[in-house]
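Here are the chains, one letter per residue:
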Amino acid sequence: MLAAVVNEFGKAPEYGEFAEPEPVEGEVVAEVRAAAVSNLVRLVAAGKHYSSAAKPPMVAGVDGVVELPDGSLVYVPGVRSPWGTLAERAAVSLAAVRPVPDGLDAAQAAAVVNAAFASWLPLTRILEPGATPTVLVIGATGAAGSVAVPVAKHLGA
């Protein structure tokens, strides 16, 4: 299959052939529809992130939106190394996937997750349930900041 292959840490991935994903129990091979190229993806591909467990060659990409064999679109938070989501196909754990809401484009779904987690995780840890807090979002025009505003409102701010 074709993929963004990391042949050496510190060098850009190369578009080329890579072995097909090999599913294990609980996984299925799915067609990748969209994968974000976030800072996390860049760090993992460069070998500079603590989760960079695989050694090159490996496929770049951490998460994304895939089409399961039944035709449904789901978000997948990660795949087993040495495979990644910047490829035609990925072996995904059915226990880990989450459905993409109807009407949401696969590329939008893949792009929003990392930015949304950047606000969702800290806000759900600091906002008191039932309180009416005020939240100041610094950098509200960036990807994470623009998602932080509706997340904070959703959580009662």
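(A) Spotlight on the overall build of the chain. Along the backbone of the chain there are three helices and eight strands. Helices (α) and strands (β) of the chain occur, in sequence order from the N terminus, as β-β-β-α-β-β-β-β-β-α-α. For the chain, the spread of C-alpha atoms along the three principal axes comes to 50 × 40 × 25 Å. Counting across all 157 residues of the chain, residues that qualify as buried make up 37%. When the accessible surface of the chain is summed, it comes to about 9,100 Å², and 58% of that surface belongs to carbon and sulfur atoms. Positive and negative side-chain charges of the chain, numbering 10 and 15 respectively, have mean locations separated by a distance of 10 Å.

(B) Just the sheet that holds strand β8 (residues 98-99), in detail. Taken in spatial order, the five strands of this open sheet run β7-β3-β5-β6-β8, and their pairing is antiparallel. Single-partner strands in this sheet number two, and they are β7 (89-93) and β8.

(C) Focus on the pairing of strand β3 (residues 27-34). Bridge count between β3 and β7: five bridges; the pairing is antiparallel. Looking across to β7, one finds that Val28 is bridged to Val92.

(D) Expanded view of the pattern of salt bridges. One pass over the full model with this rule turns up six salt bridges. Put simply, Lys11 and Glu8 hold a salt bridge, and the shortest N to O gap is 3.7 Å. Here Lys11 falls in the exposed class, since its relative accessible area comes to 53%. Among the residues examined, Glu8 registers a relative accessible area of 43% and is labelled partly exposed. Across the pair Arg80 and Glu27 runs a salt bridge whose closest N-O atoms are separated by 2.9 Å. Taken together, the residues span a long stretch of sequence, with Arg80 in the loop between β6 (73-76) and β7 and Glu27 in strand β3 at a distance of 53 residues. Judged by its relative accessible area of 31%, Arg80 is partly exposed. Salt bridges sharing common partners tie together Glu20, Glu31, Glu88 and Arg89.

(E) Structural detail: the sheet that holds strand β2 (residues 14-17). In space, the three strands of this open sheet follow the order β2-β1-β4, with antiparallel pairing throughout. In this open sheet, the two edge strands, each paired with only one partner strand, are β2 and β4 (58-59). In the sheet, strand β1 (residues 2-6) pairs with β4 via two bridges, with the strands oriented antiparallel. Across the sheet, residue Val5 finds its bridge partner in β4, namely Val59.

What counts as what
- Position numbers for residues count from 1 along each chain, tracking the sequence in the order it is written.
- Under the rules for a predicted model, residues below a pLDDT of 70 receive no local features and side-chain atom pairs below 80 are neither given nor counted, while totals for whole chains, interfaces and linings still include all residues.
- Processing note: side-chain calculations cover all non-hydrogen atoms of the structure and skip hydrogens and water entirely.
- Put simply, DSSP marks the helices as runs of H or I at least four residues long and the strands as runs of E at least two long, and each gets a number from the N terminus on.
- Partly exposed residues are those whose accessible area sits between 20% and 50% of the maximum for their type, while under 20% is buried and over 50% is exposed, using a 1.4 Å probe and protein chains only.
- Using a 1.4 Å probe, accessible areas were evaluated by the Shrake-Rupley method; residue-level cover was limited to the displayed protein chains.
- Positive charges come from Lys and Arg alone, negative charges from Asp and Glu alone, with His and the N- and C-terminal ends not counted.
- Each charge is placed at NZ for Lys, CZ for Arg, CG for Asp and CD for Glu.
- Only strands joined by at least two bridges in the DSSP assignment are considered to pair.
- Should a side-chain nitrogen of Lys or Arg be within 4 Å of a carboxyl oxygen of Asp or Glu, the pair is scored as a salt bridge.

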